[in-house]
Amino acid sequence: MKKLFLLCMFAAMTIGAANAQEQKTESNDPQHGARIVFAEREHNYGTIQKGGDGNCTFSFTNKGDEPLILSSVRASCGCTTPKWTQKPVMPGKTGEIGVRYNTNNTGGFTKTITITSNAVNEPRVVVKIKGNVVAPTLAN
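Residues numbered from 1 in each chain as written. Predicted model: local features only at pLDDT ≥ 70, side-chain atom pairs only at ≥ 80, totals over all residues. Heavy atoms only, no water.

Along the chain, the regular secondary structure elements total one helix and eight strands. Secondary structure elements of the chain, listed N to C terminal, follow the sequence α-β-β-β-β-β-β-β-β. In the chain, which comprises 140 residues, the share counted as buried stands at 26%. Of all intrachain contacts in the chain linking residues separated by at least 6 positions in sequence, the fraction that spans at least 24 positions is 67%. (Helix = DSSP H or I, 4+ residues; strand = E, 2+ residues; numbered from the N terminus. Buried < 20%, exposed > 50% of the residue type's maximum accessible area, 1.4 Å probe, protein only. Contact = heavy atoms within 4.5 Å.)

Encoded structure:
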């Protein structure tokens, strides 16, 4: 009788441990969840005129199986203003982050924009803009 009791206890613990391991594996599965994939991570304006168009767009796709939610999009300085998709990006769909650089500041620049999301592959992504703003030349 004692052997049967011990055998039942051992079986119950083994099954319980297996179930706990299975649940842990499912919840930590890196293949499951939102996955952010950017078309480009850097935009080079090249040489642009002071007061010129400082807008660009970074496109991304949710290649995962859950909605992608951007929780934060922050520029490295106040001269760069991001605007982004506020609604969840469904699996297979595309979202955008628009960036506006203040081209009234002359000289070379390199700025970063940090994107934080619920993506399992990259919860934090940094994209970059760069270029050189020049003052208009005066014609003689």
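The structure having been displayed, the exposition proceeds.
Moving on, we come to the confidence of the model for the chain. Per-residue confidence for the chain gives a mean pLDDT of 86; residues scoring 70 or more make up 77%. Within the model, the stretch residues 17-27 combines pLDDT values under 50 with zero contacts to residues more than four positions away or in other chains. (pLDDT = per-residue confidence, 0-100.)

Here the structure, examined in full by the defined rule, presents three salt bridges. The salt bridge partner of E42 is K128, with a shortest N-O separation of 3.5 Å. In this pair, E42 is assigned in strand β2 (residues 42-49) and K128 in strand β8 (residues 124-134), connecting sequence segments 86 residues apart. The class of E42 is partly exposed, set by a relative accessible area of 35%. The closest approach of N and O atoms between K130 and E42, which form a salt bridge, is 3.1 Å. Taken together, the residues K130 in strand β8 and E42 in strand β2 connect sequence positions 88 residues apart. Sharing partners across several salt bridges, the network here consists of E42, K128 and K130. (Salt bridge = Lys/Arg side-chain N within 4 Å of Asp/Glu carboxyl O.)

With that settled, the discussion passes to the sheet that holds strand β7 (residues 107-117). The four strands lie next to each other as β2-β8-β7-β4, forming an open sheet whose pairing is mixed. Strands with a single pairing partner mark the edges of an open sheet, and in this sheet they are β2 and β4 (70-75). The average undirected angle you get between the axes of adjacent strands in this sheet is 15 degrees. The pairing of β7 with β8 spans ten bridges and is classified as antiparallel. In the sheet register, T110 faces β8, and the bridge partner there is K130. (Pairing = 2+ DSSP bridges. Axes fitted to C-alpha atoms, helices over the stretch in contact; angles between N-to-C directions.)

Okay, the pairing of β8 next. Here β8 shows a buried face lined by V125, V127, I129, G131 and V133 and an unburied face lined by R124, V126, K128, K130, N132 and V134. For β2 and β8, the ladder comprises six bridges, and the chain directions are parallel. By the bridge assignment, N44 is partnered in β8 with K130. Connecting β7 to the antiparallel partner β8 that follows it, the hairpin turn spans six residues.

Counting 24 residues, the largest nonpolar core has I36, F38, F58, F60, I97, I115 and I129 as the members making the most contacts within it. Of all the secondary-structure elements, those providing two or more residues to this core are β1 (36-38), β2, β3 (55-62), β4, β6 (94-101), β7 and β8. Examining the composition of this core, we find that four residues originate from one element, β8, more than from any other. Not counting residues within four places of it along the chain, the set of residues in contact with F60 comprises I36, V37, F38, L68, L70, T85, V89, K93, T94, G95, E96 and I97. (Core = buried A, V, L, I, M, F, W, Y, C linked by side-chain atoms within 4.5 Å.)

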